[in-house]
Amino acid sequence: MERLTAVELVNTIRHDGNGGVTDELATLAGLARWIREREDLPSGITGAAQAIADEDLRGEVVELRRAVRALFARAVSPGPASPADAGRLLPGDQALAHLNAVAAREPIAPQLHWPASGPPGSRPLSAETDPRVRLLAALARAAIDLLSGPARERLRACTAPRCVLYFVKGHGRQEWCKPSCGNRARAARHYQRHHTPGTTPAAAPRA
């Protein structure tokens, strides 16, 4: 399955296995661990995860995640949003402004790269030295790329019982984020079909 940074950011809120939700970014250790596991972040950030993970950064990542979750909910509409966000989504215009502001914090210029043999290409060059700013801007750009690209049309909130994750459909018939959610959803449907209470027959009229 393709790993998309924006999806992985919003999915740091997940089902806890006991009927509720858990937040992987609720602690500094959780934030540092999550950063270390991101292989597509700009160079130098993943290795510095422990050093840069402080409460200010954690708060900013969580606030950015909140904005991205609101925009994901907009993207999947009129389908259902993640039930983890019920009643507490940011207004769309506020979420959009926050995402764009975070992305703009890191000025990046494209640089032409042309090896002696082979075709030319481009790569971004940043003058930003603060790894915290670079991390936040990279996460914001990942969300912008997803929401402005073709993957947005395949974005869905998983509808399996208790699941609160988002996913990008890998094929046209995919309904759930992973096979275990599909098994749980099918089991729930089977239960409903075979355990729906019957109607009570009307009493016969008295003679």
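First, a word on scope: everything that follows refers to the structure included in this document. As the structure is a computational prediction, the values presented were derived from the model and not from experiment. (Residues numbered from 1 in each chain as written. Predicted model: local features only at pLDDT ≥ 70, side-chain atom pairs only at ≥ 80, totals over all residues. Heavy atoms only, no water.)

### A look at the packing of helix α2 (residues 28–36) against helix α4 (residues 55–76)
Using the following cut-off: The axes are straight lines fitted to the C-alpha atoms, using for helices just the contacting stretch, and the angles between their N-to-C directions are given from 0 to 180°. Each helix is a run of H or I in the DSSP string that is no shorter than four residues. Each strand is a run of E no shorter than two, and both are numbered from the N terminus. Orientation is classified from the angle alone, with under 35 degrees giving roughly parallel, over 145 giving roughly antiparallel, 65 to 115 giving roughly perpendicular, and any other angle giving oblique. Should the near helix be turned anticlockwise from the far one by less than a right angle, the crossing is left-handed, and should it be turned clockwise, the crossing is right-handed. Here a residue-residue contact requires only that any non-hydrogen atoms of the pair lie within 4.5 Å. In this count, Pro and Cys sit with the nonpolar residues alongside Ala, Val, Leu, Ile, Met, Phe, Trp and Tyr, while Asp, Glu, Lys and Arg are called charged and the others, Gly among them, polar.
Running from N to C, α2 and α4 point in directions that differ by 70 degrees, and their axes come no closer than 10 Å. One element, α2, and the other, α4, form an angle in the roughly perpendicular class. Crossing geometry of α2 relative to α4 is assigned as left-handed. Listed contacts from α4 to Leu-28, Leu-31 and Ile-35 of α2 are Glu-55, Leu-57, Arg-58 and Val-61. Tallied by class, residues from the contact of α2 with α4 come to five nonpolar, no polar and two charged.

### Quick notes on the packing of helix α5 (residues 92–103) against helix α6 (residues 131–148)
Two elements in contact, α5 and α6, have axes whose closest approach is 7 Å; the angle formed by their N-to-C orientations is 130 degrees. Looking at the two axes, α5 sits oblique to α6. Here the hand of the crossing between α5 and α6 comes out left-handed. For the pair α5 and α6, contact is made by Leu-99, Asn-100, Val-102 and Ala-103 and by Leu-136, Ala-137, Ala-140, Arg-141, Ala-143 and Ile-144, respectively.

### Considering the pattern of salt bridges
Just so we agree on the cut-off: Any Lys or Arg side-chain nitrogen located within 4 Å of an Asp or Glu carboxyl oxygen qualifies as a salt bridge. The buried label goes to any residue with under 20% of its type's maximum accessible area, the exposed label to any with over 50%, and the partly exposed label to all in between, with areas taken from a 1.4 Å probe on protein chains only.
Scanning all chains against the criterion turns up 13 salt bridges. Linking Arg-69 and Asp-85 is a salt bridge whose minimum nitrogen-to-oxygen distance equals 3.0 Å. Of this pair, Arg-69 sits in helix α4 while Asp-85 sits in the loop between α4 and α5, placing them 16 residues apart in sequence. Comparing Arg-69 with Asp-85 shows no difference in burial state: the two are buried. For the salt bridge of Arg-152 with Glu-153, the shortest nitrogen-to-oxygen distance reads 2.8 Å. What emerges from the salt-bridge pattern is a single network uniting Arg-3, Glu-8 and Arg-38.

### Considering the packing of aromatic side chains
Operational definition: Centres within 6.5 Å are what make two rings of Phe, Tyr or Trp a pair, Trp counting through its six-membered ring; a difference in plane orientation under 30 degrees is then read as stacked, over 60 as edge-to-face, and the rest as tilted.
Taken as a whole and assessed by the stated rule, the structure comprises one aromatic pair. Summarising the aromatic geometry, the rings of Phe-72 and Tyr-166 are spaced 5.4 Å apart at their centres and angled 80 degrees between planes, so their arrangement reads as edge-to-face. Of the two residues, Phe-72 is situated in helix α4 and Tyr-166 in strand β6 (residues 166–168); the sequence distance between them amounts to 94 residues. Residue classification places Phe-72 among the buried residues on the basis of a relative accessible area of 0%.

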